[in-house]
Amino acid sequence: MNIERIGVIGAGTMGNGIAQVCAVAGIRVVMVDVSDEAVQRGVKTLWGSLDRLVKKEKLTAAQKDEALARVQGTTDYTQLKDAQIVIEAATENPDLKLRILRQVEGIVGPDAVIASNTSSISITQLAAVLDKPERCIGLHFFNPVPLMGLLEVIRGLQTSDATHALAVAFAQAVGKTPVTVKNSPGFVVNRILCPMINEAIFVLQEGLATAEDIDAGMKLGCNHPIGPLALADLIGLDTMLSIMEVFHEGFGDPKYRPAPLLREMVQAGRLGRKTGRGFYSYDA
């Protein structure tokens, strides 16, 4: 399957990362956001990421320029009309995602695949708002997108075999390893990962150990490359809370209840790296 043109909704951390891996793989990308400022921030971040790859000699300067030339940043949704796949990578908000997917379907061609990069929201639920729900699928990239090798391909109840085949081909085209999973809260990786992080927050809340010692224990005792609390700061504590709330509601099981300390940290605006303070403090 020859994939030549992709649309990405959202120029933030995930959106510009997805745009980068597509552009480096030789695919033309239209990256859409709500304002020119957001688009320019996304393009600037993408440029910086590619520049670091050149300095590390993983890309040549010419390859960087070619990749940048394949990315079109815009606020105009109609520029998505020729995209073979459109990937929604907006904030983890169901109402926002549903609104975006409806808008995208009104623009793209009848055979275009409409995908969501959601980390926890039901693909079946998202697909249900489309006139052709069989064209909807989950494409869950991991942060940082250019470095992480996995792509979860999530089939909703309505997802067709043709949609799934194109999604798998796309994953392989951008150098990711696709893992196909059924639709369920958190899918596979976050279903396992986020309750572990939540439990680490309970351990901290109960005063069993310091944040530093909890993270050191998991790094040295379980050979994890990063401790769970540092990882929560990287993910964003607001995102962590949202995922745990989806689990708690979706499964109706108290084992998924968010740690009270996690909720309090979010209420305090201590969201992790993006605000400069979470379980750790970060210099500007």
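Higher on the page you've got the structure.
Residues numbered from 1 in each chain as written. Predicted model: local features only at pLDDT ≥ 70, side-chain atom pairs only at ≥ 80, totals over all residues. Heavy atoms only, no water.

1. Let's talk about the sheet that holds strand β6 (residues 136–141)
Inference 1: Strand order in this open sheet of eight strands is β3-β2-β1-β4-β5-β6-β7-β8, and the pairing throughout is mixed. Taken across any chain shown, the strands that pair with only one partner, and hence form the sheet edges, are β3 (71–74) and β8 (177–182). Taking each pair of neighbouring strands and ignoring which way they run, the sheet shows an average axis angle of 25 degrees.
Inference 2: Where strand β4 (residues 85–88) lies against strand β5 (residues 113–116), four bridges are found, and the strand directions are parallel. If you follow Ile87 over to β5, its bridge partner there is Ala115. (Pairing = 2+ DSSP bridges. Helix = DSSP H or I, 4+ residues; strand = E, 2+ residues; numbered from the N terminus. Axes fitted to C-alpha atoms, helices over the stretch in contact; angles between N-to-C directions.)

2. Here we look at the packing of helix α7 (residues 189–205) against helix α11 (residues 260–267)
Inference 1: Interaxial distance between α7 and α11 falls to 8 Å at its minimum, and their mutual angle equals 90 degrees. The angle between the axes of α7 and α11 places the two elements in the roughly perpendicular class. Residues Asn198, Ile201, Phe202, Leu204 and Gln205 of α7 pack against Pro260, Leu261 and Leu262 of α11.
Inference 2: Of the residues that constitute the contact of α7 with α11, the class distribution is six nonpolar, two polar and no charged. (Parallel < 35°, antiparallel > 145°, perpendicular 65-115°, else oblique. Contact = heavy atoms within 4.5 Å. Nonpolar A, V, L, I, M, F, W, Y, C, P; charged D, E, K, R; others polar.)

3. Digging into the packing of aromatic side chains
Inference 1: One pass over the full model with this rule turns up four aromatic pairs.
Inference 2: Ring centres of Phe141 and Phe170 lie 6.4 Å apart, and the angle between their planes is 75 degrees; on these two criteria the pair is classed as edge-to-face. Linking Phe141 in strand β6 with Phe170 in helix α6 (residues 161–173), this pair joins segments that are 29 residues apart in sequence.
Inference 3: Relative accessible area serves as the criterion here: at 1%, Phe141 is assigned to the buried category.
Inference 4: Exposure remark for Phe170: the relative accessible area of 0% places this residue in the buried category. (Phe/Tyr/Trp six-rings, centres within 6.5 Å; stacked < 30°, edge-to-face > 60°. Buried < 20%, exposed > 50% of the residue type's maximum accessible area, 1.4 Å probe, protein only.)

4. Focus on the environment of Val266
Inference 1: Looking at the element boundaries, Val266 is found in helix α11.
Inference 2: Between the alpha carbons of Val266 and Asn117 there is a distance of 23 Å; along the sequence they are 149 residues apart.
Inference 3: Filtering out sequence-adjacent residues up to four positions away, Val266 remains in contact with Leu237, Asp238, Leu241 and Leu271.

5. A look at helix α9 (residues 228–235)
Inference 1: In terms of residue burial, α9 counts as a mostly covered element, since six of its eight residues are buried.
Inference 2: What α9 keeps buried is the set Pro228, Leu229, Ala230, Leu231, Ala232 and Asp233.
Inference 3: Residues of α9 that are buried sit in contact with α7, α8 (211–222) and α10 (237–251).
Inference 4: Phi turns positive, to about 110 degrees, at Gly236, one or two residues after α9.

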